[in-house]
Amino acid sequence: MQKTRCINGKKILVGMAIVLAFAGVSHAAQQGNKSATVTIPPTPELYSSEPQPLTAVQCAQCHPGLFKNLKNEGGRHRFACQNCHNVFHAYSPRKANWDQIMPTCSSCHTAPHGAKITNCTACHANPHAPKSMASNTQLTAACYDCHGTVRDELVKYPSRHSKLPCMTCHTSHGYKPSCFNCHQPHFKGQALSTCLPCHPVHQPQNIRFSAKEPSNTCSSCHAKAYTNLAKSTSKHNALACVTCHKDKHRFIPQCTDCHGKPHTETIHDKYPKCLSCHIDVHDMPVMSKK
Ligand code: HEC
Ligand code: HEC
Ligand code: HEC
Ligand code: HEC
Ligand code: HEC
Ligand code: HEC
Ligand code: HEC
Ligand code: HEC
Ligand code: HEC
Ligand code: HEC
Ligand code: HEC
Ligand code: HEC
């Protein structure tokens, strides 16, 4: 009854056998006969191992686009699909159960940006590319509810930090990043602890100098003033930059702040600018050497 003529034997043989089996079963049922009328050789080796979960690459055979998404932009979400999709291929329009079977962020993440920020996908629009942001990062507003003073600082002192969403720096709630995550120091060896006193982080352009700031901080940008003063024989040589340029960056003092008017009125009237004679405040010519 079996045709054994075939070239790739087993498959066709089994295929034929299944067709015949169905025919046989119905035939047998009609006759009230419970035993099979066909013979199918058992192939227990097909059942000798346990089924293995599909790997991401196997899922990708049917979902190539999503795989590519994860591969290129998945970041730290590049783990097995089933870690998130513990239920899949279970969607039924009739049951309208999409939301029910899709993974929820909260099953793995607990409020990384604080309790009030719950609408994760408003910013992280694509779970397969979690770092790519939706455009409406203005939701930063949620931080303002509780941290209004920080917003006020950022608005009052516009800088390029004011244009960054809070979460660019505060990637999780309460986390305070190091400046060095994103910036180089002005010179090799400059300590991290020095940055904030000059650059309050939410108003980094509102630069303030502490009275103890060493002059070599300035030298990285003002080499000329620094070297002139360093080699000068005048008594200004003993002064730190911030003794004169105090408190705020770009502040320029008046000579009279410290010296008053030391010469005769006639001289000061005739030469209102002290530097007409003293020439360079960072390197004054000195006549009488002590
Ligand atoms: C970090 C968790 C996470 C991982 C890992 C993940 N997914 Fe998803 N996936 C989701 C979430 C959340 C949704 C629901 C998105 C929605 O409702 O729009 C989703 C939706 C889907 C959808 C249906 C929506 C669509 O865009 O077509 C498919 C299909 C899918 N994922 C396949 C995969 C495959 C395949 C992998 C592995 C290669 C994978 N996912 C890895 C979280 C994940
Ligand atoms: C043999 C092809 C095939 C493989 C392999 C496959 N899928 Fe799917 N998957 C589909 C088809 C077809 C749909 C329905 C159409 C669609 O949404 O693209 C679907 C839909 C989905 C959905 C959305 C609807 C639902 O019911 O969940 C998710 C999530 C999903 N697949 C995840 C996976 C994951 C995870 C893997 C690997 C573990 C995987 N799929 C492997 C073909 C496949
Ligand atoms: C199955 C658990 C799981 C689910 C569900 C999940 N995540 Fe994640 N997610 C992780 C893990 C694990 C990391 C890596 C965390 C780490 O290394 O500290 C991560 C990292 C992230 C990152 C940082 C990505 C990077 O590359 O740095 C973002 C953003 C993120 N998740 C957002 C989401 C959002 C939004 C959802 C919901 C749509 C979600 N996650 C669902 C487990 C999950
Ligand atoms: C207002 C927009 C916004 C919302 C809403 C939002 N995030 Fe984020 N999230 C960000 C930004 C911006 C980052 C920083 C991305 C970067 O480092 O490039 C981030 C970073 C993350 C990270 C990475 C943290 C790390 O340690 O590197 C995780 C995880 C994360 N978000 C999860 C979530 C989850 C879960 C939700 C919902 C509860 C959520 N986010 C809601 C904007 C948002
Ligand atoms: C529901 C109110 C609330 C929201 C919304 C909120 N925070 Fe907070 N945040 C707090 C509280 C309360 C503390 C603890 C205050 C403290 O320790 O002085 C805190 C602490 C912090 C700290 C650490 C403060 C410190 O001195 O160590 C940072 C940074 C921070 N939040 C940033 C953010 C950012 C960024 C957002 C928006 C993503 C945000 N917060 C949203 C209430 C909130
Ligand atoms: C350029 C990175 C950056 C941005 C953008 C940023 N912060 Fe900060 N933030 C920091 C750093 C660094 C500190 C720690 C400062 C310190 O140690 O004194 C900090 C401290 C804080 C603190 C605790 C100290 C304080 O000043 O009250 C809060 C709260 C805070 N940030 C909230 C926010 C909010 C809300 C936003 C968005 C409106 C935001 N930050 C934007 C880097 C940033
Ligand atoms: C998450 C990254 C990040 C962190 C952390 C960070 N910054 Fe920035 N900062 C930026 C970016 C981005 C810019 C804009 C630079 C650009 O466009 O080249 C910037 C600009 C600046 C500027 C120039 C501002 C302007 O308006 O021109 C100063 C000063 C500055 N940062 C100081 C600091 C200091 C000090 C810290 C630590 C307290 C810090 N930053 C932490 C990302 C960061
Ligand atoms: C003595 C004060 C002082 C200290 C300390 C200081 N800075 Fe600055 N920083 C300045 C001044 C002044 C500028 C120039 C501002 C301008 O161009 O108007 C500047 C500019 C910057 C800029 C933007 C301009 C650029 O491209 O260089 C960044 C970023 C910056 N500083 C980061 C840092 C970091 C990080 C630290 C800590 C290692 C630090 N600063 C320590 C005074 C300081
Ligand atoms: C990161 C570089 C940087 C650092 C560090 C820096 N400055 Fe400046 N400074 C500048 C820039 C840029 C200008 C603007 C120059 C211009 O307009 O020609 C400036 C301008 C000034 C001016 C005003 C010049 C004028 O003609 O009005 C003074 C004074 C000054 N700086 C003093 C200091 C002192 C003192 C320090 C150290 C405590 C310092 N700066 C550190 C970059 C820097
Ligand atoms: C922040 C205060 C301060 C400012 C501003 C200042 N000086 Fe002086 N100056 C000093 C001090 C301190 C000495 C040393 C006095 C001593 O040791 O007796 C000094 C010394 C001098 C001397 C004596 C030089 C010597 O080596 O014998 C002259 C001349 C002088 N200053 C001129 C000026 C002129 C001109 C200006 C403005 C362009 C000026 N100073 C601005 C603090 C200042
Ligand atoms: C004795 C006070 C004094 C000290 C100390 C001093 N300056 Fe000045 N500086 C001035 C005065 C006054 C001016 C304005 C000169 C003018 O009007 O031409 C000035 C001008 C400047 C300028 C702008 C003009 C220029 O020469 O480029 C810079 C930049 C500057 N100082 C940087 C520094 C730095 C950096 C140091 C430390 C190495 C320093 N100053 C030390 C008083 C001082
Ligand atoms: C017409 C030229 C001239 C003018 C203008 C001038 N000086 Fe002098 N100043 C001198 C001479 C010359 C000396 C003596 C130098 C010496 O002894 O080394 C001197 C000395 C000084 C000394 C040192 C005094 C001491 O007792 O050691 C100070 C301080 C001083 N001048 C400050 C100023 C100040 C401040 C101004 C402007 C308000 C000014 N000078 C304007 C020429 C001038």
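This section reports on the structure supplied with the text. Every value quoted in this text rests on a predicted model; they were computed, and no experiment measured them. (Residues numbered from 1 in each chain as written. Chains lettered and ligands numbered in written order. Predicted model: local features only at pLDDT ≥ 70, side-chain atom pairs only at ≥ 80, totals over all residues. Heavy atoms only, no water.)

### Overview of the coordination of the iron atom of ligand 9
Where a metal carries four tetrahedral donors, each ideal angle is 109.5 degrees; where it carries six octahedral donors, the ideal angles are 90 or 180 degrees.
Part 1 of the reasoning: Distances from the iron atom of ligand 9 to its protein donors, His222 (NE2) and His249 (NE2), fall within 2.0 to 2.1 Å.
Part 2 of the reasoning: With 6 donor atoms in place around the iron atom of ligand 9 and angles of 88 to 179° between them, the coordination shape is octahedral. A residue pair is termed long-range when its members are at least 10 positions apart, and His222 in the loop between helix 11 (216-219) and helix 12 (223-231) and His249 in the loop between helix 13 (241-244) and helix 14 (255-259) qualify at 27 residues.
Part 3 of the reasoning: Taking relative accessible area as the criterion, His222 reaches 44% and is therefore assigned partly exposed. (Donors = N, O, S within 2.8 Å, 3.2 Å for Na, K, Ca; no water. Tetrahedral: all angles 85-135°; square planar, octahedral: opposite > 155°, others 65-115°. Helix = DSSP H or I, 4+ residues; strand = E, 2+ residues; numbered from the N terminus. Buried < 20%, exposed > 50% of the residue type's maximum accessible area, 1.4 Å probe, protein only.)

### Considering the site of ligand 8
Part 1 of the reasoning: Inspection of the region around ligand 8 gives 18 residues, with His186, Cys195, Cys198, His199 and Arg250 positioned closest.
Part 2 of the reasoning: His186 has a polar side-chain atom sitting 2.8 Å from a nitrogen atom of ligand 8.
Part 3 of the reasoning: Arg250 is positioned such that a nitrogen or oxygen atom in its side chain is 2.7 Å from an oxygen atom of ligand 8.
Part 4 of the reasoning: The class makeup of the residues in the shell around ligand 8 is 8 nonpolar, 8 polar and 2 charged. (Near = heavy atom within 4 Å. Polar contact = N/O pair within 3.5 Å; in protein donor to acceptor, adjacent residues only side chain to side chain. Nonpolar A, V, L, I, M, F, W, Y, C, P; charged D, E, K, R; others polar.)

### Examining the site of ligand 3
Part 1 of the reasoning: Close to ligand 3 lie 16 residues; Arg76, His77, Cys105, Cys108 and His109 are nearest.
Part 2 of the reasoning: One of the side-chain N or O atoms of Arg76 is found 2.8 Å from an oxygen atom in ligand 3.
Part 3 of the reasoning: Residues of the shell around ligand 3, tallied by class, amount to 7 nonpolar, 7 polar and 2 charged.

### Section: the pattern of salt bridges
One side chain can pair with another of opposite charge once the charged atoms of both are near each other.
Part 1 of the reasoning: Applying the stated criterion across every chain yields a total of 2 salt bridges.
Part 2 of the reasoning: Of the charged contacts in the structure, one is a salt bridge between Asp283 and Lys231, with a shortest N-O distance of 3.1 Å. Residue Asp283 is found in the segment after helix 16 (275-278), and its partner Lys231 is found in helix 12; the two are separated by 52 residues along the sequence.
Part 3 of the reasoning: Exposure remark for Asp283: the relative accessible area of 25% places this residue in the partly exposed category.
Part 4 of the reasoning: Its relative accessible area of 55% is what places Lys231 among the exposed residues. (Salt bridge = Lys/Arg side-chain N within 4 Å of Asp/Glu carboxyl O.)

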